[in-house]
Amino acid sequence: MRKIIANWSVLILAIISTTSYAQQNNGEQVLFTTSISEDATPAVLARIMTADKNPISEIKFEKGTYHFYPDKAYERFTRISNHDDVMAKTALPLIGFKNLVIDGQGSTFIYHGRMIPFLIEGSENITIQNVTVDWAMSFHSEGTIVANDEKNNTFDIHFSDEYPYEIRNEQLIFLKEYYEHDLGQSILYDPERKAIAFNTEAYTSITTIRNSKVQHNFDKIEYKYKVDPRSKVEKVRGKENNLRVEELKPGTLRIYNHKKKLPPVGMIMVCKGDQSLNRLAPAFRVTGTDSFNINNVTVHHAGGMGLIAENSSDLILDGFHVKPSNGRMVSTSADATHFVGCRGKVVLKNCTFNNQLDDATNVHGTYQEIIDILGENSIGVRIGHAQQQGFTIGKVNDTIGLVRLADSFFAYDHLTLKNIKEINGRYQIITFNEPLPENLKVGDLIENLQAHPDLLVQNCNISRNRARGLLISNPKKTLIENNFFSTEMEAILVPVESSHWFESGNAANLTIRNNTFQDNQHSGHNRGVIRFVTDDDNNNIAFKNIQIIDNVFNQFDNMILEISNVDGLVFEENKITNSGTFPMLYPENPAIRVKASKNVVFKKNEYKGKAENILEKDDSIPKLKFR
């Protein structure tokens, strides 16, 4: 079935037409008591489903612990950006709601299996406050390395009773409520620091697959159209299981055939299953919603992101805390927060983003590839990444840029959006109000030039997690101030991500000030603490008007700042010291590396690090000096 989406209002009406319980007027206050705590799903859902006839202005929960099970939950097929497509189950389908407050009053919501606690679509002025979200059984598994054997290339790992498992055909499978996963993606945590282990890249991920030994005529398969090598079908072709697992005694397993270094005894190995199967249950899914507020909310765990927001505006998160519970090393199994195609304001203040298995936040748009020129004003586009299928790039009359990255990171022309026909998850037909320019080519990209927010990240603790702190692909105004960063990869990554995730947006007007950066990049990657980088290896300018002022960098290794493809950067009154926390991994590196850039200024900085050469530069700024 073809679905025509002309603007957000049409999308919202389409959603409401399939759900008779959407409310659009103020209504009564609803109080749920702990009498429903054994399974709150039926009672909460029943009241939500009558909101069209009996509107709700506020839902309160008597303080307590409430369990939510999927068996009697609302269900719908849902495509969620940067997640797997799922049959989403929820007790709170807030679809087409207006002016609603949900107040947990200090309650804890415990979820069982593949559920989305808050599914918010096509709504306006929604507030969630004073609640803690957790899962009875986590979507990942954690075990302690108890032995390793260099001679036989094995290591032993012990899993507590919290992580049931079975061995199928010598492969380890973890068993959960309504869910299971294999070893898949893995990483080491240090139990003393309760953070990603130093130099974990030398030991993980565990090498679970290898090239298939037997193939027949595989090379004769031909496709007419482009194929995503990371799709669920294509990614397994040419691969077979590499590991062999045996049980030594209940709870203790021996792993054979790992190809990296054997993980050290005492470290905690965290595994969350195959990458294309492990993002199924974010705590908050917000899409097509204007004015969304979170106050004093803690997410201890989720099978995906803490919050994923798409095509929404004015999202204010004040006191949104992502941190683990029950002695676990891990909080969410993906990003703490993520914003795609959002506009207005995005505010993250007084937040904690700890121990998640991906970034603290990622703010970006989406590239889509032109694969058909269909007429005077219509094109066919392909959505590049499997976890962005079904994404709607804009609303009626939005300005859509035409981009040819080989020539420039900025749009060479623009058009205004008339409508979108979704043919399937990958392919859409887009019609514009104006004729297509004559120089438009198949292979060019489109991006929404308006779907970016003013971003504030303030007074947040971002630490102990896998991957980066902040990914910023935002050409509007961004202020990052008074935060603490200690991440296993870049604290702040400013990319043009055009080949894997197809995340659009050229960062500009970015201010980074009064932050503390403590021992970032400790997992083993040879990269800067703050890094500007593009997927396309050329010298074109991508980033503009950057200020990095009055920050403290207390780093165990040399590399602090990597600047590439930048026009206009001031690095002023920053203090750089060597922490001595860990041994240096790359002592040959400079503190700062600059290439393919212009109008870069260093002044009034204090350097007390150990780099023999503080500044390394190419010929783009021959007279540049560190001051």
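Our subject is the structure that appears above.
These numbers come from a predicted model, not from an experiment.

S.K.: Which residues make up a nonpolar patch on the surface, and what values do they have?
M.R.: A cluster of nonpolar side chains, namely F218, I221 and Y223, defines an oily patch on the protein surface of about 290 Å² accessible area. Its location among the elements puts Y223 in the loop between β18 (209-211) and β19 (239-241).

S.K.: Pulling in residues and values, what's your account of the side chain of N293?
M.R.: Mapped onto the elements, N293 comes out in strand β24 (residues 290-299). Classification of N293 as buried rests on a relative accessible area of 17%.

S.K.: Explain the sheet that holds strand β13 (residues 165-168) to me, and be specific about the residues and the numbers.
M.R.: Reading across from one edge, β13-β14-β15 is the order of the three strands in this open sheet, with antiparallel pairing throughout. In this open sheet, the two strands that pair with only one neighbour each are β13 and β15 (179-182). In this sheet, neighbouring strand axes are inclined to one another by 30° on average, regardless of whether the strands run parallel or antiparallel. Sheet topology note: the β13/strand β14 (residues 171-176) ladder contains four bridges and is antiparallel. Following the sheet pairing, I167 is matched in β14 by L172.

S.K.: Would you mind going over the pattern of salt bridges in detail, with residue names and values included?
M.R.: Opposite charge on two side chains makes pairing possible when the charged atoms of those side chains draw close. Tallying each qualifying case throughout the model produces 32 salt bridges. As a salt-bridge pair, E180 and R168 come within 2.8 Å of each other at their nearest N and O atoms. Taken together, the residues span a long stretch of sequence, with E180 in strand β15 and R168 in strand β13 at a distance of twelve residues. Under the relative-accessibility criterion, E180 is labelled partly exposed at 38%. Residue classification places R168 among the partly exposed residues on the basis of a relative accessible area of 32%.

S.K.: Could you give an account of the packing of aromatic side chains, naming the residues involved and the relevant values?
M.R.: One pass over the structure, following the stated rule, counts 24 aromatic pairs. Plain terms: the ring middles of F68 and Y111 are 4.8 Å apart, the flat faces sit at 15° to each other, and that makes the pair stacked. Linking F68 in strand β4 (residues 65-68) with Y111 in strand β8 (residues 98-111), this pair joins segments that are 43 residues apart in sequence. The exposure class of Y111 is buried, given its relative accessible area of 0%. Here the aromatic rings of F571 and F602 are separated by 5.7 Å at their centres, their planes lie at 65°, and the arrangement is edge-to-face. Placement of the pair is F571 in strand β50 (residues 566-572) and F602 in strand β53 (residues 598-603), with a sequence separation of 31 residues. Classification of F602 by relative accessible area gives buried; the value is 2%. We note R244 situated over the ring of Y256; from NZ or CZ to the ring centre the distance is 3.9 Å.

S.K.: For the sheet that holds strand β16 (residues 186-190), give the residues involved together with the corresponding values.
M.R.: Here seven strands make up an open sheet; going across it, the order is β17-β16-β22-β11-β12-β21-β20 and the pairing antiparallel. At either end of the open sheet lies a strand with only one pairing partner, and these are β17 (195-196) and β20 (244-249). Taken together, the four bridges between β16 and strand β22 (residues 268-271) define a ladder with antiparallel strand orientation. Opposite L188, over in β22, you have M269 as the bridge partner.

S.K.: Explain the environment of K345 to me, using residue names and the numbers behind them.
M.R.: Note that K345 resides in strand β28 (residues 343-349). Taking relative accessible area as the criterion, K345 reaches 45% and is therefore assigned partly exposed. A sequence separation of 29 residues divides K345 from I316, and the C-alpha atoms of the two residues are 7.5 Å apart. With near-sequence residues (within four places) excluded, K345 lies in contact with S313, D314, L315, I316, P453 and D454.

S.K.: Could you give an account of helix α2 (residues 41-48), naming the residues involved and the relevant values?
M.R.: For α2, the full list of buried residues reads T41, V44, L45, R47 and I48. When α2 is viewed along its axis, its buried side chains cluster within an angular range of 160° and face the same direction. Contact partners of the buried residues in α2: β2 (28-32), β3 (56-61), β4, β5 (74-78), β6 (86-90) and β7 (93-95).

S.K.: Quick rundown of the environment of S620? Include the residues and the values.
M.R.: Here S620 shows up in the segment after β55 (615-617). Separated by 22 residues in sequence, S620 and K598 have C-alpha atoms that sit 6.7 Å apart. Discounting chain neighbours no more than four positions away, the residues touching S620 are K595, A596 and S597. A distance of 2.5 Å separates polar atoms of two side chains, one belonging to S620 and the other to D618.

S.K.: Describe the side chain of Q388, with residues and values.
M.R.: Structurally, Q388 is set in the loop between β32 (378-382) and β33 (399-403). Classification of Q388 as buried rests on a relative accessible area of 1%. Engagement of the side chain of Q388 in a polar contact is seen with the backbone oxygen of W501, the distance being 2.7 Å. Those residues in contact with Q388 that lie beyond four places of it in its chain are S81, N82, H364, T366, I383, W501, F502 and E503.

S.K.: Would you mind going over the pairing of β16 in detail, with residue names and values included?
M.R.: Counting buried residues in β16 gives five out of five residues, a clear majority hidden from the surface. Here β16 shows two buried faces, one formed by S186, L188 and D190 and the other by I187 and Y189. Bridge analysis of β16 against β17 gives two bridges, and the strand direction is antiparallel. Bridge pairing links D190 to A195 in β17. Count of turn residues in the β16/β17 antiparallel hairpin: four residues, of which K194 carries a positive phi of about 55°.

Procedures and definitions
- Residues numbered from 1 in each chain as written.
- Predicted model: local features only at pLDDT ≥ 70, side-chain atom pairs only at ≥ 80, totals over all residues.
- Heavy atoms only, no water.
- Patch = residues over 30% accessible without salt bridge, like charges linked within 9 Å, V, L, I, M, F, W, Y side chains within 5 Å.
- Areas by Shrake-Rupley, 256 points an atom, 1.4 Å probe, with all protein chains shown as cover.
- Salt bridge = Lys/Arg side-chain N within 4 Å of Asp/Glu carboxyl O.
- Helix = DSSP H or I, 4+ residues; strand = E, 2+ residues; numbered from the N terminus.
- Buried < 20%, exposed > 50% of the residue type's maximum accessible area, 1.4 Å probe, protein only.
- Pairing = 2+ DSSP bridges.
- Axes fitted to C-alpha atoms, helices over the stretch in contact; angles between N-to-C directions.
- Phe/Tyr/Trp six-rings, centres within 6.5 Å; stacked < 30°, edge-to-face > 60°.
- Lys NZ or Arg CZ within 6 Å of the ring centre and 35° of its normal.
- Contact = heavy atoms within 4.5 Å.
- Arc of directions from axis to C-beta.
- Polar contact = N/O pair within 3.5 Å; in protein donor to acceptor, adjacent residues only side chain to side chain.

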